Amino acid sequence: MARRRADSAWPPPPRAPQRCALCEREVPQLTEHHLLPRSQGRRQGLKATELPTALLCAPCHKFLHRTFTNAELARDYADLDALRAHEDVARFVAWIRKQPATKAVRVR
């Protein structure tokens, strides 16, 4: 009797799209943004695993780190509501929401 081949697990099933916490677009991959940067949190005596985080798409994450220093993020923008209230971030989020998730966005 012939052996039966086991069902293949390749290619892996596609992941369900997830939503960016800042722009709320559904994207295939998110990055972890520390709302209180690790360098600043360690100065306060916190462990990196205890710091608050948010899952962001790559363009939003890059934009935040190009716009603000770690000290500014820790002092003024340690939550998503404060970030959304900033004029530059609000303008970027309004623009990025119109872009398809598959489009490669260059952040300057």
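Residues numbered from 1 in each chain as written. Predicted model: local features only at pLDDT ≥ 70, side-chain atom pairs only at ≥ 80, totals over all residues. Heavy atoms only, no water.

1. Some remarks on the packing of helix 2 (residues 58-67) against helix 5 (residues 87-96)
Point 1. Where helix 2 contacts helix 5, the two axes come as close as 11 Å, and the packing angle between them is 160°. As the angle between them shows, helix 2 and helix 5 are arranged roughly antiparallel. Note on packing geometry: the crossing formed by helix 2 with helix 5 is right-handed. Across the interface between the two elements, Pro-59, Cys-60, Phe-63 and Leu-64 of helix 2 pack against Asp-88, Val-89, Phe-92 and Ile-96 of helix 5. (Axes fitted to C-alpha atoms, helices over the stretch in contact; angles between N-to-C directions. Helix = DSSP H or I, 4+ residues; strand = E, 2+ residues; numbered from the N terminus. Parallel < 35°, antiparallel > 145°, perpendicular 65-115°, else oblique. Left-handed = near helix turned anticlockwise from the far one by under 90°. Contact = heavy atoms within 4.5 Å.)

2. Examining the nonpolar core
Point 1. Core analysis: the largest hydrophobic core is formed by 23 residues, its most contacted members being Cys-20, Leu-22, Cys-60, Leu-64 and Leu-83.
Point 2. Contributions of two or more residues to this core are made by strand 4 (53-56), helix 2, helix 4 (80-85) and helix 5.
Point 3. Ranked by residue count, the leading element in this core is helix 5, at four residues.
Point 4. Once you skip the residues sitting within four places of it in the chain, Leu-83 turns out to touch Leu-22, Leu-35, Leu-64, Phe-68, Leu-73, Tyr-77 and Val-89. (Core = buried A, V, L, I, M, F, W, Y, C linked by side-chain atoms within 4.5 Å. Buried < 20%, exposed > 50% of the residue type's maximum accessible area, 1.4 Å probe, protein only.)

3. A closer look at the confidence of the model for the protein chain
Point 1. Looking at the protein chain, the pLDDT average stands at 87 and 98% of residues meet or exceed 70.
Point 2. At the low end of the mean pLDDT range in the protein chain sits helix 1 (residues 38-43), at 78; at the high end sits helix 5, at 95. (pLDDT = per-residue confidence, 0-100.)

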